[in-house]
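# Descriptive analysis of the structure
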Amino acid sequence: MVRSTPCRARTAETDPEVFDAVVEFARNSGLEPIEIKKEKAGYVLNSLLVPLLNAAAGLLLQGVASPETIDKTWRIATGAPIGPFQIYDVVGLTTAYNIASSSPDAGSQAFAAYLKDNYIDRGKLGVATGEGFYTY
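Please read all numbers here as calculations on a predicted model, not as lab measurements.

The rules behind the values
Residues numbered from 1 in each chain as written. Predicted model: local features only at pLDDT ≥ 70, side-chain atom pairs only at ≥ 80, totals over all residues. Heavy atoms only, no water. Helix = DSSP H or I, 4+ residues; strand = E, 2+ residues; numbered from the N terminus. Rg over C-alpha atoms; globule rule 2.2 N^0.38 Å. Buried < 20%, exposed > 50% of the residue type's maximum accessible area, 1.4 Å probe, protein only. Areas by Shrake-Rupley, 256 points an atom, 1.4 Å probe, with all protein chains shown as cover. Lys, Arg positive; Asp, Glu negative; His and termini not counted. Charge placed at Lys NZ, Arg CZ, Asp CG, Glu CD. Polar contact = N/O pair within 3.5 Å; in protein donor to acceptor, adjacent residues only side chain to side chain. Axes fitted to C-alpha atoms, helices over the stretch in contact; angles between N-to-C directions. Parallel < 35°, antiparallel > 145°, perpendicular 65-115°, else oblique. Contact = heavy atoms within 4.5 Å. Nonpolar A, V, L, I, M, F, W, Y, C, P; charged D, E, K, R; others polar.

Check the secondary structure of the protein and you find six helices and two strands. Going from the N terminus to the C terminus, the protein shows its helices and strands as β-α-β-α-α-α-α-α. On C-alpha atoms alone, the protein measures out to a radius of gyration of 18 Å, which is more than a quarter above the 14 Å that the 2.2 N^0.38 rule sets for 136 residues. Seen through its principal axes, the protein has C-alpha atoms that stretch 50 × 35 × 30 Å. Across the 136 residues of the protein, 30% fall into the buried class. Of the roughly 8,600 Å² that the protein leaves accessible, carbon and sulfur atoms contribute 59%. The averaged location of the 15 negative side-chain charges in the protein is 4 Å from the averaged location of its 12 positive side-chain charges.

Shown next as structure tokens:
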């Protein structure tokens, strides 16, 4: 598996030789450098991932579908190997809780409370503890 890592954005202030050296170092380390045009919090991956995870949490809290159905739908529709609740389990439910509880958004606060009551308080923290939305 090739891991990716963001490189510092190539800006007018970035020496091209330094940028090229960082790219080469990343490749030599088994990483695939991802060139970005400018700095952005969360870079590209989290800018795509966070809205997906928030949408999945909303579907669950609204009673639209179970985590299993949401994940299955995502996997079938996109060909992705895992769905959003499986991602939550990999990231860790404590991390998801900390992020959700620090948001002023009411939906995020509701998801934080859901995680705490149904998972964290029961020691179900995701892959690290062998159980979260799924059992590992």
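With respect to the secondary-structure elements, Thr78 resides in helix 3 (residues 67–78). Classification of Thr78 by relative accessible area gives partly exposed; the value is 41%. A polar contact is formed between the side chain of Thr78 and the backbone oxygen of Trp74, at a distance of 2.6 Å.

Where helix 2 (residues 43–61) contacts helix 6 (residues 106–118), the two axes come as close as 10 Å, and the packing angle between them is 70°. One finds that helix 2 runs roughly perpendicular with respect to helix 6. Here Ala57, Leu60 and Leu61 of helix 2 come into contact with helix 6, specifically with Gly107, Ala110, Phe111 and Tyr114. When the residues that make up the contact of helix 2 with helix 6 are grouped by side-chain class, the tally is six nonpolar, one polar and no charged.

Another aspect to go through is the side chain of Gln86. Tracing the chain through its elements places Gln86 in helix 4 (residues 84–91). Given the relative accessible area of 18%, Gln86 is considered buried. When sequence neighbours within four positions are dropped, the list of residues in contact with Gln86 reads Asp71, Arg75, Tyr134 and Tyr136.

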